[in-house]
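The lines below spell out each chain.
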Amino acid sequence: MNIPIEYYLILSAFMFFVGVAGVLTRRNAIIVFMSIELMLNSANLTLVTFSSYLGNSIGQLFVFFVMTVAAADAAVGLAIIIAIFRNKLTVNIDEINILKW
Amino acid sequence: MFNNAQEFFNTLPLIIMGGGIVISLLIEIYSDKNKVILPWFTALLFLAVGLHSLFYTNDVSIVMQNMLATGGNVNIFYAIFTLGAAVVTLISIDYIKKYDMYFGEYYLILQTSVLGMMLMAAAKDLFVIFLGLELMSISFYILAGMNRKRAKANEASLKYFLLGSFATGFIVYGIALIYGSAHTTSIDFITTNFAGLTSNLLFVAGVLLFLIGFSFKIAAFPFHMWVPDVYEGSSTTVAALFSTGGKSAAFSAIIASLFALFNGPSGNVFTPYFAVISVLSMFYGSIVAIAQVNIKRMLAYSSISHAGYLIIGLAAGNHDAIAGVMFYLGAYTFMNLGAFGIVSLVEGKNETNLDINSYAGLASKKPFLAALLSILMFSLAGVPPFAGFFGKYYIFIAAIESKLTWLAILGVISSAISAYFYIRIVVLMYFKPATNDFQIETSNSAMLGIITSVIIVILLGIFPGSFLDLITRFI
């Protein structure tokens, strides 16, 4: 059975918008960060889909780069969240408001 | 990798920069005197790479399996980034002592961020743009929170990180859609087939997402929320780098990846998008800046409005517009670095003297510093004999050439509004009595950086033609 490419694209677009909605609505820094990772993963899914559909490997290659960068992002991001937790004992974005938004 | 020695030589700026990072790491680990050696090594490294790039602008080639471009405008961008970063290093040396936050990593991460910017400018493939962008952005998140004991720095770093990664998500998804419609990530292919591709909705959506992501990085209007907070919360020296290097790098990536945008005589499909965000950024930046009392926030809003002027160049979409944008980026980099450098000098321990009213009477206490700051403020406002004026002039002319006269007129109105808050600083310094006893610690290295940037601003203002000729030769 062959699943049409549109299904994959719709799924990844849906994942992307779930990620965007998560960033815009959730208040916990770690959940916001997870939503961002979801956005990156939806892009990965799109890349892999196109790669398999077009029969060239550039997309799959790109996914490795995106995953590596996402890992680096996670390392730095969690370090930043830990630093702020040590100072303020909270990771709620609404309470992190010395600077005006 | 390299077909001949010439190609290796052309790639030298990137290779020296990468090698310099490794050497700095070794200095930081093995030298007892790293606090003295590392800053000056960093400054000299930036200077060496910058001058090398400027001297060898004629070596145009494409290396590494069509991944990187060398020579020409790429080298001019290298020079803007590295010389700007050299000034940042110079103003950092004593600032870091003042805040007692010496970390060797500071200089190391400064270098990696500049390497990221250079990769963005050199990119001939969307891969390289993405990697350069992330190298730069991740380094910036760390730099923003470098003073990790201060709650404000933590907060700035968190905000920058969350919104920056959010933007990265858009960019990656945009690249995925571009790849799906163009079947490749090669920028040359996208440039040559641009007209055909723009009839594909997937491609247009991809480019728009890509541009939205970059609008975050260049601090354009609907995506500007992080700018004032990050500039206020992070160290002044680092904010100087964000507002100049980060912005120039994002523009260089847009120019490198969407060079086809500039081939038409008058605009293209994306012109309406650019026109709208440029008008919004210009006016929002210049109007809200009037209400600011903190000078770093004021400079942040001014940076938003400058992003607006630069986007006029993208909207104009002809070859003169690129020249204008590059000229303006060069001018803006040095005038903003100078202004942030003076703010970092006047700033006392524990963030005192950041209110604009604390600049009252600076001219009677520190006449030289006040004179330098006035030159920079006039240049930022776009007053003629200085570099800022010619940057705006070239961009507005390019906009008029591509029948966007209304955009140029709005740009002029906005810069007239913005003159108010720049000139206000000059008025405060010269015509108000001092309320502040200015415990300014003199710093020779910072003065060297500030004076260099002022000289560059004046030279670019007096001889704008020679720099412009250099740029237009390669377009």
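That block above? That's the structure.
Caption draft 1: Region of the structure containing unusual backbone geometry. Of note in this structure, A:Leu89 is not a glycine but carries a positive phi near 55°. For A:Leu89, the position within the fold is in the segment after helix H3 (58-88). A positive phi angle is found at B:His183, which is not glycine, with a value near 65°.

Caption draft 2: Summary view of the packing of helix H2 (residues 12-30) of chain B against helix H5 (residues 104-122) of chain B. All names here are of chain B. The interhelical angle for the contact between H2 and H5, taken along N-to-C directions, is 165°, at an axis separation of 10 Å. With respect to H5, the element H2 is oriented roughly antiparallel. Two packed elements cross with a definite hand, and for H2 against H5 that hand is left-handed. Between H2, through Pro13, Leu14, Met17, Gly18, Gly20, Ile21, Ser24, Leu25 and Glu28, and H5, the contact on the second element is made entirely by Gly104, Leu108, Gln111, Thr112, Val114, Leu115, Met118 and Leu119. Class assignment for the residues of the contact of H2 with H5 results in 10 nonpolar, six polar and one charged.

Caption draft 3: A look at the packing of aromatic side chains. Overall, the coordinates contain 37 aromatic pairs over all chains when judged by the stated rule. Taken together, a centroid distance of 5.1 Å and an interplanar angle of 70° make the contact between A:Phe65 and B:Phe127 edge-to-face. With A:Phe65 in helix H3 and B:Phe127 in helix H6 (residues 126-144), this pair bridges two chains. Overall, B:Phe127 belongs to the buried group, its relative accessible area being 8%. Linked through ring pairs, A:Phe33, B:Phe140, B:Tyr141, B:Tyr160, B:Phe161, B:Trp226, B:Tyr231, B:Phe242 and B:Phe340 together constitute an aromatic cluster.

Caption draft 4: Region of the structure containing the nonpolar core. Residue and element names in this part refer to chain B. One finds Leu143 and Phe214 to be the most contacted residues of the largest nonpolar core, which totals 217 residues. Counting residues per element, this core draws most heavily on helix H15 (residues 319-346), which supplies 19 residues. Beyond its immediate sequence surroundings of up to four residues, Leu143 is in contact with Tyr106, Ile109, Leu110, Ser113, Val238, Leu241 and Phe242.

Caption draft 5: View of the pattern of salt bridges. The full count for this structure, using the stated rule, is eight salt bridges over all chains. Among the salt bridges present, the one from A:Asp94 reaches A:Arg27, with a minimum N-O distance of 3.2 Å. Pair noted here: A:Asp94 is in the segment after H3 and A:Arg27 is in the loop between helix H1 (5-25) and helix H2 (29-54), with a separation of 67 residues, a long-range link. By relative accessible area, A:Arg27 is classed as partly exposed at 33%. One salt bridge in this structure joins B:Glu232 and B:Lys152, with 3.5 Å as the shortest N-O distance.

Caption draft 6: Region of interest: the interface of chain A and chain B. Residue-level contacts link 44 residues of chain A with 42 residues of chain B. When chain A packs against chain B, the two sides together hide about 3800 Å² of surface, and 80% of this comes from carbon and sulfur. Between the two partners, chain A and chain B, sit zero salt bridges. Inspection of the chain A/chain B interface yields six residue pairs in polar contact (both at pLDDT 80 or more).

Conventions we followed
- Residues numbered from 1 in each chain as written.
- Chains lettered and ligands numbered in written order.
- Predicted model: local features only at pLDDT ≥ 70, side-chain atom pairs only at ≥ 80, totals over all residues.
- Heavy atoms only, no water.
- Helix = DSSP H or I, 4+ residues; strand = E, 2+ residues; numbered from the N terminus.
- Axes fitted to C-alpha atoms, helices over the stretch in contact; angles between N-to-C directions.
- Parallel < 35°, antiparallel > 145°, perpendicular 65-115°, else oblique.
- Left-handed = near helix turned anticlockwise from the far one by under 90°.
- Contact = heavy atoms within 4.5 Å.
- Nonpolar A, V, L, I, M, F, W, Y, C, P; charged D, E, K, R; others polar.
- Phe/Tyr/Trp six-rings, centres within 6.5 Å; stacked < 30°, edge-to-face > 60°.
- Buried < 20%, exposed > 50% of the residue type's maximum accessible area, 1.4 Å probe, protein only.
- Core = buried A, V, L, I, M, F, W, Y, C linked by side-chain atoms within 4.5 Å.
- Salt bridge = Lys/Arg side-chain N within 4 Å of Asp/Glu carboxyl O.
- Buried area = accessible area lost by both parts, 1.4 Å probe.
- Polar contact = N/O pair within 3.5 Å; in protein donor to acceptor, adjacent residues only side chain to side chain.

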